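The primary structure of each chain is shown beneath.
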Amino acid sequence: MSELPASTRALLDAIRSISTDLDLPSMLERIVRSAAELTGARYAALGVLGAARPEDGLIEFVTTGLSPEEEARIGELPRGRGLLGHLIHHPAPLRLPDLSRHPDSVGFPPGHPPMTTFLGVPVRIRGAVFGNLYLTEKVGGRAFDADDEMLVTALADAAGFVIDHAHAYGRSEQRRRWLEAAGRVTDTVDSDGTTQAAAHEIAAAARAGARARAAALRPSGAATTSPLTGLAAAEADRAWVARLLDVVPGMQGGGSELLEHQLQGHHVVVLALRPHLADGGELVVVDPHVEPGDHEWRDLLLTFTDHASLTLDRVRALADRAELAVLSDRERIARDLHDVAIQRLFATGLQLQGTAIAAPAETAARLEQAIDALDQTIRDIRGTIFELRRPPADSVQGAIRALLRELEPTLGLVPELTVRGPVDTAVPADVGEPIQAVLREALTNVARHARATRVRVQVSADGEEFALVVDDDGVGLPTPTPPESGLANLRRRAEVLGGGSLVGPGPDGGTILRWWIPLR
C-alpha cells in the first residue's frame, strides 16, 4: 500500500483532532488551530454567525496567532464589516494575495498587526452557513494556493459535521438539564409546599438549567403584595447581583414574555411569571451560558417559566386546600362543642338543679356552686365556639399575617413566620393592637437600617406569657448606638402591659428583638 501524501495525512490528523470531544468552545479553537497548521498561516480565526440571516453579523470570533497584548490593542473583536462582511453575504472560498486591494476592504483598527495574504472559507451545517474560516499571512510571505483552499475547504466540511453533532449533543444535554430543573421544582413543592421554598428552588433551578451566573425571582411592578422572593448566586456574587436587580427594567403590562438587556457588562434576561391563581412576578437570569449558534435556549427558558408559573399555582392551591381543611376542622369542632358538649353540660346542670331542690341546705349550697361552675364552663365553651367560627383575619394570628403581607414591599423580602401555642385563644383581644404596633415598628427598623436578606418572626403563647421575636441577618446594631426613640417606644408599650423587651446581636450576626407581656 502506497503511503498517503503529507497533506492528506495532515488533513486526517486535523479532522481527528477536532473530533476528540463534544465541547463546542474547545472544538472551535481546535478547528482554528488546525486550519492554521494545515496552511502554514500565522493568523487564523473562525467567525460564528448569530443566526441564519447575514445581517445578524458575527456573535463569536475565535482566533489563534494573536498575543494577549495584540488582542488588548485591537480592542473589540470584529462583527462582520468590510471583507469579513463580504464573505458573510457571499459564502464562497476567497483567496487574495493582498487583502487591502479588495473593494470591500476597510482597513484595520489601530494596533492591529499588518496582514496581507488572505484565504476565507465558509463552514456549513446542513447547507446553512455556520460561520467562516479566515486565514492570513502564510509563512514565507507566499500567497495561499489552490491546495491550501482545498485542504481548508475539506476541513470546513468535516468541521460542519462535527459541529452539528456537538450541537445535537448540546441540545440533548440542555434539555436534560432543564428537565432536571423542572423536576427539582416539582419535588420541592411536593415535600414543602410553601411559596418561599418554591421561589428559592425556582431561582436555583433556573440558574442550574441556564448555567447562569445568577437567577432570581422578584415581584413585578404591578404585584405589590407578591410573595415571590428568591436569589440563587454564589455567596461572593450575592451583593452585586442584588444591586443589579435594582436597575434591571421590569416587564410592562402584559406585553413580551422575554426581555434581554446588557447592563453593567452583564447579559440579563427577564421573563414574565403569569400564574392564574398566585401573584405574578418575574424570573431574572444573569449571564446565561449560550453556546455559539444555539437558537433554542430562549424557548427552553420560556418553557421553564411556564412550568414555574404552574408550580406557583400549585403552591397556592395546596395552601388554599390546607386553609380549607383547617376551617372545616374548626367548624366541625365548634359544631361538636355546641351540639354535644354544651347540651350535656346543660342537661347535667338541670339534673343538679332538680336535686338541689330536695337536698339539705348544706348539700344544696354545694350543688349551687357546681351549677355556677357549669354555667361558667358553658360560657367559656361558647366563647371558644365564637373564636373557632370567627374569620381567621379577625384573629391575632390573622392580623399578624396581614401585617407581614403589607410590609413585604417595604422589606423587599418575605418574612418567615412561626406560630407556637394557642395565640388566637390565649391572647386577649385588647392587646392585639399593641402587638401589631410593636411588630410594625420592628420590621420598619429592619427595612430602614438592617440591609437584611432574611427576617424571621416568631410569636408564641404558653398560657402565662405572649412573646414576639424578630430576628434578621442584617448588618447588626450600629456603633455607637444611636438614640433609641423607636426601641424606647417598644419598651414602654411592653412595660405598660407588665412585660419587657430586649434587643441585641444575633448568634450568627444581625439583630434579635424579643418583646413579651404576661397573659395573666
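Structural notes, computed from the coordinates. (Residues numbered from 1 in each chain as written. Predicted model: local features only at pLDDT ≥ 70, side-chain atom pairs only at ≥ 80, totals over all residues. Heavy atoms only, no water.)

**A look at the overall build of the protein chain**
- Looking only at helices and strands, the protein chain features 13 helices and 15 strands.
- For the protein chain, buried positions account for 43% of its 520 residues.
- The contacts of the protein chain with a sequence gap of at least 6 include a subset with a gap of at least 24, amounting to 60%.
- With the model as given, the accessible surface of the protein chain reaches about 27500 Å², and the carbon-plus-sulfur share is 53%. (Helix = DSSP H or I, 4+ residues; strand = E, 2+ residues; numbered from the N terminus. Buried < 20%, exposed > 50% of the residue type's maximum accessible area, 1.4 Å probe, protein only. Contact = heavy atoms within 4.5 Å. Areas by Shrake-Rupley, 256 points an atom, 1.4 Å probe, with all protein chains shown as cover.)

**Digging into the side chain of Thr305**
- Tracing the backbone shows Thr305 in helix H8 (residues 297-358).
- On the accessibility criterion, Thr305 (1% relative accessible area) is buried.
- Those residues in contact with Thr305 that lie beyond four places of it in its chain are Leu271, Ala272, Leu273 and Leu283.

**What about the nonpolar core?**
- The biggest cluster of nonpolar side chains holds 32 residues, and the ones touching the most others in it are Leu28, Ile31, Val123, Leu133, Leu135 and Ile163.
- With near-sequence residues (within four places) excluded, Ile31 lies in contact with Ile18, Leu133, Leu155, Ala159 and Ile163.
- Counting residues in hydrophobic clusters, the runner-up holds 31 residues, among them Val396, Leu407, Ala442 and Leu513. (Core = buried A, V, L, I, M, F, W, Y, C linked by side-chain atoms within 4.5 Å.)

**Some words on the pattern of salt bridges**
- A full pass over the atoms with the stated rule returns 17 salt bridges.
- Between Glu201 and Arg184 there is a salt bridge whose closest N-O contact spans 2.9 Å. Separated by 17 residues along the polypeptide, Glu201 in helix H6 (residues 195-210) and Arg184 in helix H5 (residues 146-191) bring together distant segments of the chain.
- Residues joined in a network through salt bridges with shared partners are Glu173, Arg176 and Glu180. (Salt bridge = Lys/Arg side-chain N within 4 Å of Asp/Glu carboxyl O.)

**Considering the packing of aromatic side chains**
- Counted under the stated rule, the structure contains three aromatic pairs.
- Summarising the aromatic geometry, the rings of Trp178 and Phe304 are spaced 5.1 Å apart at their centres and angled 45° between planes, so their arrangement reads as tilted. You can see Trp178 sitting in helix H5 and its partner Phe304 sitting in helix H8, a full 126 residues away along the chain.
- Following the ring pairs from residue to residue traces out a cluster consisting of Phe61, Phe118 and Tyr134. (Phe/Tyr/Trp six-rings, centres within 6.5 Å; stacked < 30°, edge-to-face > 60°.)

**Comments concerning the pairing of strand S1 (residues 41-49)**
- Counting buried positions over the nine residues of S1 gives eight, a clear majority of the element.
- Note that S1 and strand S5 (residues 128-138) share seven bridges and pair antiparallel. Across the sheet, the residue bridging to Ala41 is Lys138, located in S5.
- Bridge count between S1 and strand S2 (residues 58-64): six bridges; the pairing is antiparallel. (Pairing = 2+ DSSP bridges.)

**Things to note about empty space enclosed by the protein**
- Overall, the coordinates contain one cavity of 30 Å³ or more when judged by the stated rule.
- If you trace the largest cavity, you find it lined by Gln174, Arg177, Trp178, Gly209, Ala210, Pro288, His289, Val290, Trp297 and Leu301.
- Where the lining of the largest cavity is concerned, the elements lending two or more residues are H5, H6 and H8.
- It is H5 that provides the largest number of residues to the lining of the largest cavity, a total of three residues.
- Tallied by class, residues from the lining of the largest cavity come to six nonpolar, three polar and one charged. (1 Å grid on protein atoms, 1.4 Å probe; cavity = no way out; pocket = protein on both sides within 12 Å on 5 of 7 lines; lining within 4 Å. Points joined across faces, edges and corners; volume = space filled by probe spheres on them. Nonpolar A, V, L, I, M, F, W, Y, C, P; charged D, E, K, R; others polar.)

**Examining the packing of helix H10 (residues 396-411) against helix H12 (residues 432-450)**
- Packing of H10 against H12 brings their axes to within 10 Å, and their N-to-C directions diverge by 20°. Compared by their axis directions, H10 and H12 come out roughly parallel. Seen along the crossing, H10 lies across H12 with a hand that is right-handed. Facing H10, whose interface residues are Ala399, Ile400, Leu403, Leu404, Glu406, Leu407, Thr410 and Leu411, H12 presents Ile435, Gln436, Leu439, Arg440, Leu443, Val446 and Ala447.
- Residue composition of the contact of H10 with H12, grouped by class: 11 nonpolar, two polar and two charged. (Axes fitted to C-alpha atoms, helices over the stretch in contact; angles between N-to-C directions. Parallel < 35°, antiparallel > 145°, perpendicular 65-115°, else oblique. Left-handed = near helix turned anticlockwise from the far one by under 90°.)

**Some details on H8**
- The terminal C-alpha atoms of H8, which comprises 62 residues, lie 91 Å apart, in line with the 92 Å expected from a rise of 1.5 Å per residue.
- Approximately 35° is the largest bend angle found in H8, and it occurs at Leu337. (Expected span 1.5 Å × (residues − 1). Bend = angle between axes of the 7 residues up to and from the residue.)

**Regarding the side chain of Asp237**
- Of note, Asp237 is situated in the loop between strand S7 (230-233) and helix H7 (238-247).
- Reaching out from Asp237, the side chain makes a polar contact with the side chain of Trp240 at a distance of 3.0 Å. (Polar contact = N/O pair within 3.5 Å; in protein donor to acceptor, adjacent residues only side chain to side chain.)

**Describing the packing of H6 against H8**
- The geometry of H6 relative to H8 is characterised by a closest axis approach of 10 Å and an angle of 170° between their N-to-C directions. Taken together, the axes of H6 and H8 are roughly antiparallel relative to one another. Residues Thr195, Ala198, Ile202, Ala205 and Ala206 of H6 pack against Phe304, Ala308, Leu312 and Val315 of H8.
- Class assignment of the residues belonging to the contact of H6 with H8 gives a composition of eight nonpolar, one polar and no charged.

**Points about the sheet that holds S5**
- The sheet built from five strands is open, its strands ordered S2-S1-S5-S4-S3 with antiparallel pairing. Among the strands making up the open sheet, the edge pair consists of S2 and strand S3 (94-96). Adjacent strand axes in the sheet meet at a mean angle of 15°, parallel and antiparallel pairs treated alike.
- This element, helix H2 (residues 24-39), spans S1, S2 and S5 of the sheet and lies at about 145° to S1.

**A word on unusual backbone geometry**
- The backbone phi angle of Gln264 is positive, close to 50°, even though this residue is not glycine.
- Following the sequence through the fold, Gln264 ends up in the loop between strand S8 (258-263) and strand S9 (266-273).
- In this model, Asp287 sits at a positive phi of 55°, which is unusual for a non-glycine residue.
- Structurally, the position occupied by Asp287 is in the loop between strand S10 (281-286) and H8.

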